[in-house]
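Spelled out, the chains give:
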Amino acid sequence: MISIFLPSLHGGGAERAMVNFAREISGRGWRVDLVVANAVGALRPLVPESVKLVDLRAQRMLSAAPRLVRYLRRERPQALFATITHANITAAIAARMSRCAGPLVLRQSNAPMAECKDSLGRRLAHFLLPRTYLLSDRVIAVSQGVADQLTQMDSALARKITVLPTPVLSSDIVGQGEEEPGHSWLAPGEPPVVLAAGRLMQHKGFETLLEAFLLVRRSRPARLIIIGEGIYRPQLEKKIAALGLERQVDLPGFKRNPFAFMNRAGCFVLASEYEGLPNVLIQAMAFGTPVVSTDCESGPCEILEGGRLGKLVPIGDARAMAQAMSESLDLPRQGEAQESVQRRFSIAEASTAYLALAGLAPRGAR
């Protein structure tokens, strides 16, 4: 049996990736427990019936730790995977306290030296990260940039780190992209749509995106859709109103099928100040949609092969972003980029690599 530990089932890229992993390996015949500190969030309906959802019902990660210890002592999984920094720290402590025999594999999903700036809690996590990650058997870095930052924090981590692709693209993603998005702006004959997606948080750079979009609107008709939900929504709504863009920008919230939007967008934009490996960028490229991304601390440059497969712009530079967006709206579908990400980021291949890292014998892929 394999256990996967997450903080919640909110609609972030890291959570979606591990739900993908759980679905894939359960389909291969593994018994899988998806253990969640608090099983709330928009991704809950995407957890398949073949995966057992274990809700620890903990409001805080601190209270999740003893409950995870009890779970590990009771179930004794063959391997424990975890992702997202505070969940990784909790999993490492719980695995040591429970004397869990199976390997512990921690997946670092974000740039660790950048995310520690956000709050006191994150700064504490930054302090604990190298000390607890050394308790693990293996650490998955989602990009080389993430791996480099981890080794800067403690060079001893280098022997535990492996850079592996994220389980992002399923075999049925094309079919999902062909579904109707249910948004009138994406109907034939409408002005082109600039699309962005991600949790509504400050470091995602959506305010810069709004400023860039205003500049694009001065020279051509276009609309902007930002998919996602989060605590920064009120600030973004105020910014939209201040720029006079209420009729040209829509925040429709979380979408279970963002691929139907990506398949019809004129271009996709990632405006983040930092990332680990942005799944949404990979997903948009899987449909050949032209992409624009900030050249942030890790991930985008690797995905876009230094700018060969999409446009890279400086962080916080609205003018450069606007120019890249305007140029991208005139581009055809990007076949080479599409083939590249479909080859590198398939759920099946990434899942096989994750299992191998934990020393688990592969079972037949679906």
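Definitions and limits used
Residues numbered from 1 in each chain as written. Predicted model: local features only at pLDDT ≥ 70, side-chain atom pairs only at ≥ 80, totals over all residues. Heavy atoms only, no water. Salt bridge = Lys/Arg side-chain N within 4 Å of Asp/Glu carboxyl O. Helix = DSSP H or I, 4+ residues; strand = E, 2+ residues; numbered from the N terminus. Buried < 20%, exposed > 50% of the residue type's maximum accessible area, 1.4 Å probe, protein only. Right-handed = clockwise from strand over helix to strand, strands pointing away. Pairing = 2+ DSSP bridges.

Visitor: Help me understand the pattern of salt bridges, please; the structure alone is not making it clear to me.
Guide: As a working rule, side chains carrying opposite charge can pair if their charged atoms are close by. One pass over the structure, following the stated rule, counts 15 salt bridges. A salt bridge links Glu-190 to Arg-223; its shortest N-O distance comes to 2.6 Å. Note that Glu-190 is positioned in the loop between helix H7 (173-177) and strand S8 (193-197) and Arg-223 in strand S9 (residues 223-227), a separation of 33 residues in sequence. You can call Glu-190 partly exposed: its relative accessible area is 36%.

Visitor: Help me understand unusual backbone geometry in this model?
Guide: For residues besides glycine, phi is generally negative; the peptide bonds are generally trans as well. Unusually for a residue other than glycine, Arg-76 sits at a positive phi of about 50°. Mapped onto the elements, Arg-76 comes out in the loop between helix H2 (61-75) and strand S4 (79-83). Here Ile-84, not a glycine, exhibits a phi torsion of approximately 80°, which is positive. Along the chain, the position of Ile-84 falls in the loop between S4 and helix H3 (85-98). Judged by relative accessible area, which is 16%, Ile-84 ranks as buried.

Visitor: Help me understand the pairing of S9 in this model?
Guide: Looking along a regular strand, one sees side chains alternate from face to face of the sheet. For S9, a buried count of 5 out of 5 residues is recorded, marking the element as mostly surrounded by other parts of the structure. The alternating pattern of S9 places Arg-223, Ile-225 and Ile-227 on one face and Leu-224 and Ile-226 on the opposite face, and all of these are buried. What joins S8 to S9 is helix H8 (residues 206-217), and the crossover it makes is right-handed. Pairing analysis gives 3 bridges linking S9 to strand S10 (residues 249-253), with the strands arranged parallel. The residue bridging Leu-224 from the neighbouring strand is Val-249, located in S10. Regarding topology, helix H9 (residues 233-242) serves as the crossover connection from S9 to the parallel S10, and that connection is right-handed.

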